[in-house]
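# Breakdown of the fold
Each chain, letter by letter, is given below.
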Amino acid sequence: MSLEPHIVDRNRSVGWVEVICGSMFSGKTEELIRRLRRARIARQKTEAFKPAIDTRYEDDEVVSHDENTIATTPIHSASQILLLAEGVDVVGIDEAQFFEGDLVDVCRKLAHQGVRVIVTGLDQDYRGEPFEPIPQLMAIAEHVTKLHAVCVVCGAPANHSQRIVPGEERVLVGATEAYEPRCRTCFEPHPVEVDRDHVEAHHPETTVLQSPAAGSNGEAAESDDADREASAASDPTGPDAR
């Protein structure tokens, strides 16, 4: 069953607001990209925006954790959307939790102008508290979709973003090196230390929690290359000797 409302209404005079929320790694941005692409298939003019603070992937693209992308415009404040979205049928806004509360009024104005507004964001912070302005956006939205990730501890549906690096600041931009999805039972409302074996098992691309003494995969590869070069240099039957 489709997660989105109808996307084509040529005679509409008033738009609406859709909110896609959930924990990190639940597929929010993936769903935003899917909806925007479908709107383009319907020959609707779309525009995507994201907060300039989000520099995890590309500056001018919305990128899901699965590396699907769509062109976007980075902005510093929600009010810029009103200026940049003139003549647009569908507006997508990613990582809305990084914007101030004025995003709510911006979405209202766009909807009253006949624009379909699709917003994604975390509904809870790393402490498990409501993450503004997502709760306020959910309240004014016509359509709300809550997605779940998979708890890396027990495999249950996850609706929390567990911080796994030190830091008490509410906004800490990061991906697998800083967060992992957890269910209500396994979630802890404070940063936790995750051991190296756990990280490698669930996030093999993550290296920030590895001990310097253990070395990274890159260092091991360089060491192996050096050993092979030394061996080749001492072998009189090697390619250079012929």
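Note that the structure is a prediction, hence the values are computed from the model and not measured.

The next thing to look at is the nonpolar core. Among the nonpolar cores identified, the biggest contains 25 residues, and I81, V91, I93, L103 and L137 are the most heavily contacted of them. Contributing elements (two or more residues each) for this core: β1 (16-22), β6 (90-93), α3 (102-112), β7 (116-122) and α4 (134-140). When near neighbours in sequence (up to four residues on either side) are disregarded, L137 contacts V19, A96, L103, V104, C107 and V119.

Before going further, it helps to examine the side chain of S161. One can find S161 in strand β11 (residues 160-163). You can call S161 buried: its relative accessible area is 5%. Of the polar contacts made by the side chain of S161, one reaches the backbone nitrogen of M24; its length is 3.0 Å. Among residues more than four places away in sequence, those in contact with S161 are S23, M24, L122, Y126, Y179, E180 and F187.

Read across the open sheet, the six strands follow the order β5-β2-β6-β7-β1-β8; overall the sheet is parallel. Across the chains shown, the open sheet's two edge strands, defined by having one partner strand only, are β5 (73-75) and β8 (143-147). Pairwise comparison of adjacent strand axes, ignoring direction, gives a mean angle of 20° for this sheet. Relative to β8, β1 is paired through five bridges, and the arrangement is parallel. Bridge pairing in β8 links C21 to K146. Set on the sheet, helix α1 (residues 28-41) makes contact with β1, β2 (46-51), β6, β7 and β8; between it and β7 the angle comes to about 165°.

Another point: unusual backbone geometry. In this model, E132 is joined to P133 through a cis peptide bond whose omega is 5°. For F25, which is not glycine, the phi dihedral falls at a positive 70°. Within the secondary structure layout, F25 lies in the loop between β1 and α1. Within the chain, R43 stands out as a residue other than glycine whose phi angle is a positive 60°. The residue R43 is located in the loop between α1 and β2 in this model. Classification of R43 by relative accessible area gives exposed; the value is 76%.

As a further point, take the pairing of β1. Burial analysis of β1 places seven of its seven residues in the buried class, the great majority of the element. Along β1, one buried face is formed by W16, E18, I20 and G22 and the opposite face, lined by V17, V19 and C21, is buried too.

Take the side chain of Q162 next. On the secondary structure map, Q162 appears in strand β11. Only 2.9 Å separates the side chain of Q162 from the backbone oxygen of H190, close enough to count as a polar contact. In contact with Q162, other than residues within four places in its own chain, are A178, Y179, E180, R182, C186, F187, E188, H190 and V192.

Rules and cut-offs
- Residue numbering note: each chain is counted from 1, following its sequence as written.
- Two thresholds apply to this predicted model, a pLDDT of at least 70 for residue-level local features and 80 or more for giving and counting side-chain atom pairs, whereas whole-chain, interface and lining totals are computed over all residues.
- Here the side-chain values reflect all heavy atoms present in the structure, with hydrogen atoms and water set aside.
- Take the buried Ala, Val, Leu, Ile, Met, Phe, Trp, Tyr and Cys residues and link them wherever side-chain atoms come within 4.5 Å; each set so joined is a nonpolar core.
- Partly exposed residues are those whose accessible area sits between 20% and 50% of the maximum for their type, while under 20% is buried and over 50% is exposed, using a 1.4 Å probe and protein chains only.
- Comment: elements are numbered from the N terminus, with helices defined as DSSP H or I runs of at least four residues and strands as E runs of at least two.
- Note on definitions: a residue-residue contact is assigned when non-hydrogen atoms from the two residues lie within 4.5 Å.
- Each polar contact in these results corresponds to two N or O atoms within 3.5 Å; when the atoms are within protein, one needs to be able to donate a hydrogen and the other to accept it, and residues that are neighboring in sequence are counted only if both atoms are side-chain atoms.
- Between any two strands, pairing holds if DSSP finds at least two bridges.
- Axes, fitted as lines to C-alpha atoms, cover a helix only where it is in contact. Angles between the N-to-C directions of the axes lie from 0 to 180 degrees.

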